[in-house]
Amino acid sequence: MISRRQMTILVPVLLAAVVVLLPPSARANNIAPTTTAAASPGPNADGWNNGDVTVSLTAADDAGGSGVKEISYSLNGSAPTIVSGASASITVSQEGTTTLTYFATDNVGNQESPKTLTIKMDKTAPSSQVLPFPANEAFSSVTVQWTGADAGSGIKDFTIYVSDNGGPFTIWQQNIISTSAVFVGQPGHTYSFYSIARDVAGNVEAAKSAGDQSITFLYEAPGHPADTNNDWRLSINEITAYGAAWKRGDPWQSGPNPIPIDYVTNAGALWKTGEQYQYDSTKNPPLCWIGAAE
Ligand SMILES: [Ca+2]
Ligand SMILES: [Ca+2]
Ligand SMILES: [Ca+2]
């Protein structure tokens, strides 16, 4: 006879022995499979795709588990698709944001917690154009402006091309985020401009064969007298030399002389706002020299 006391010791020992002797599949019968998703091609650095994406789902059960029975997935909350086995392949081709929800189930019914993969897709190229120039703009420095629009991921940047007197278009501004820049040309030349936009997903606007806008520079616009190298920029060296000449009362290489104080302050203000400046024919010197947006 086994005593009551012996029983309290024997029963747990026997139960432990039964657990050890059971086959592994019966022991580990409550662990769900794990699914991993691989998107091909992956998104760009900004998180966008500009073409169809194939997602490969691969599920694995726990070692010695009952094995993967099926994978279930759905796109944007639609009715789930169930695929037998441990792998599935899904092609996402819809523009916009697609959320793929997926999980695997093993042969004894253990279900993985659903996982999601988000794909942002934009296959539509942007459009853009150089804006018309203001009337009577006929000097050799002009602000060129452009604009663009995009469905989906939005405009990333622009590349602006220029043609001199009907010659081939060459890049003037490459991958610029700003929507304006100052162009300095030669008197007597006609310049044509067009813009090509790029969106965040990497789509590029179709090539153009003609300019969006053109302008003819009839006259040489007078630069600021402090701009001694005539590059439409007032450097710190140029304004320092101009200011020193004014202080000493020395004559300057280009007039007016003696140097008026408001010419000196105007030069300093233009340097302060970013060096680059342009000519405004509607104002008198020195207010005709105004800061130019980079
Ligand atoms: Ca399992
Ligand atoms: Ca787009
Ligand atoms: Ca200069």
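This write-up is about the structure you can find in this document. Given the structure is predicted, the values throughout are model-derived calculations rather than measurements.

Thresholds, definitions, all that
- Every chain's residues receive numbers from 1 upward, in the order its sequence appears when written.
- Lettering of chains starts at A and numbering of ligands starts at 1, both following the order in which they are written.
- Where totals are concerned, whole chains, interfaces and linings use all residues; where local detail is concerned, this predicted model gives features only for residues with pLDDT of at least 70, and gives and counts side-chain atom pairs only at 80 or more.
- Where helices and strands are cited, they refer to DSSP runs of H or I of at least four residues and of E of at least two residues respectively, numbered from the N terminus.
- Residues are called buried when their C-beta atom has 20 or more other C-beta atoms within 10 Å, exposed when it has 12 or fewer, and partly exposed otherwise; all C-beta atoms are positioned from the backbone.
- Our contact criterion uses C-beta atoms placed from the backbone: two residues qualify when those atoms are within 7 Å.
- Should DSSP find at least two bridges between two strands, the strands are taken to pair.
- Lines are fitted to the C-alpha atoms to define the axes, a helix being fitted only along its stretch in contact, and any angle between axes, read from their N-to-C directions, falls within 0 to 180 degrees.
- What we call a nonpolar core is a set of buried Ala, Val, Leu, Ile, Met, Phe, Trp, Tyr and Cys residues whose membership is set by joining through C-beta atoms within 7 Å.
- Here is the rule for angles: anything less than 35 degrees is roughly parallel, anything more than 145 is roughly antiparallel, 65 through 115 is roughly perpendicular, and the remaining ranges are oblique.
- Less than a right angle of anticlockwise turn of the near helix away from the far helix marks a crossing as left-handed, whereas a clockwise turn marks it as right-handed.
- Throughout this entry, Asp, Glu, Lys and Arg are counted as charged residues, while Ala, Val, Leu, Ile, Met, Phe, Trp, Tyr, Cys and Pro are counted as nonpolar. The remaining residues, Gly among them, count as polar.
- Helix span, expected: 1.5 Å multiplied by one less than the number of residues in the helix.
- In this description, the arc belongs to the directions extending from the helix axis to the C-beta atoms.

Thoughts on the overall build of the chain
1) Next: Within the chain, the regular secondary structure consists of 4 helices and 16 strands.
2) Next: Each of the 294 residues in the chain was classed as buried or not, and the buried ones make up 28%.
3) Next: Excluding contacts between residues fewer than 6 apart, the proportion of contacts in the chain whose partners are at least 24 apart in sequence is 62%.

A short note on the sheet that holds strand β13 (residues 190–199)
1) Next: Read across the open sheet, the 4 strands follow the order β11-β10-β13-β14; overall the sheet is antiparallel. The open sheet is flanked by β11 (170–176) and β14 (213–216), the only strands paired with a single partner. Averaged over neighbouring strand pairs, the angle between their axes works out to 20 degrees when direction is ignored.
2) Next: As paired elements, strand β10 (residues 155–164) and β13 share 9 bridges and run antiparallel to each other. Note on β13: the bridge partner recorded for Ser163 is Ser192.

A look at the sheet that holds strand β12 (residues 180–184)
1) Next: Spatially, β8-β9-β12 is the arrangement adopted by the 3 strands of the open sheet, whose pairing is antiparallel. At either end of the open sheet lies a strand with only one pairing partner, and these are β8 (127–130) and β12. Taking each pair of neighbouring strands and ignoring which way they run, the sheet shows an average axis angle of 25 degrees.
2) Next: Across 4 bridges, the pairing between β8 and strand β9 (residues 141–149) is antiparallel. Bridging from a neighbouring strand, Gln129 pairs with Thr147 of β9.

Notes on the nonpolar core
1) Next: The biggest cluster of nonpolar side chains holds 32 residues, and the ones touching the most others in it are Val144, Ile160, Phe193, Leu234 and Ala267.
2) Next: Elements that contribute at least two residues to this core include exactly β9, β10, β13, α3 (236–248), α4 (261–272) and β15 (277–279).
3) Next: It is β13 that contributes the most residues to this core, 5 residues altogether.
4) Next: Here Val144 is in contact with Val130, Ile160, Ser180, Ala181, Phe183 and Phe193, once residues within four sequence places are set aside.

Overview of the packing of α3 against α4
1) Next: Between α3 and α4, whose axes approach to 10 Å, the crossing angle comes to 160 degrees. Taken together, α3 and α4 sit at an angle that is classed as roughly antiparallel. As α3 runs across α4, the sense of the crossing is left-handed. Where α3 approaches α4, its residues Ile236, Ile239, Tyr242, Gly243 and Trp246 are matched on the opposing element by Ile261, Val264, Ala267, Gly268 and Trp271.
2) Next: Of the residues belonging to the contact of α3 with α4, the class tally is 8 nonpolar, 2 polar and no charged.

Description of the pairing of strand β3 (residues 68–75)
Look at any regular strand and the pattern is simple: side chains alternate between the two faces of the sheet.
1) Next: Alignment of β3 against strand β6 (residues 96–106), held across 7 bridges, turns out to be antiparallel. The residue bridging Ile71 from the neighbouring strand is Ala104, located in β6.
2) Next: For β3 and strand β4 (residues 81–84), the ladder comprises 4 bridges, and the chain directions are antiparallel. Residue pairing in the sheet places Ile71 in a bridge with Val83 of β4.
3) Next: Connecting the antiparallel pair β3 and β4 is a turn made up of 5 residues, with Asn76 showing a positive phi of about 50 degrees.

Regarding unusual backbone geometry
Leaving glycine aside, a negative phi is the common case for residues, and trans is the common case for peptide bonds.
1) Next: In this structure, Pro258 follows Asn257 across a cis peptide bond, with omega equal to -10 degrees.
2) Next: Unusually for a residue other than glycine, Asn165 sits at a positive phi of about 55 degrees.
3) Next: For Asn165, the location among the structural elements is in the loop between β10 and β11.
4) Next: The exposure class assigned to Asn165 is exposed, which follows from the 12 C-beta atoms found within 10 Å.
5) Next: A positive phi is found at Glu275, a non-glycine position, where the angle reads about 70 degrees.
6) Next: Position of Glu275 among the secondary structure elements: in the loop between α4 and β15.

Examining α4
Three- or four-residue spacings in an α-helix give side chains the same orientation, since the helix completes a turn every 3.6 residues.
1) Next: The first and last C-alpha atoms of α4 sit 17 Å apart over 12 residues, in line with the 16 Å expected at 1.5 Å per residue.
2) Next: By the burial criterion, the buried members of α4 are Tyr263, Asn266, Ala267, Leu270 and Trp271. Down the axis of α4, the buried set is contained in an arc of 135 degrees. They therefore lie on one face. Exposed side of α4, more than 90 degrees from the buried face: Ile261, Asp262 and Lys272 are the residues found there.
3) Next: Within two residues after α4, Gly274 carries a phi angle of roughly 120 degrees, on the positive side.

Description of the environment of Pro187
1) Next: On the secondary structure map, Pro187 appears in the loop between β12 and β13.
2) Next: With 13 C-beta atoms packed within 10 Å, Pro187 lands in the partly exposed category.
3) Next: In sequence terms Pro187 and Phe217 are 30 residues apart; their C-alpha atoms lie 4.9 Å from each other.
4) Next: Ignoring any residue separated from it by four or fewer positions in sequence, one finds Pro187 in contact with Ser140, Phe217, Leu218, Tyr219 and Glu220.

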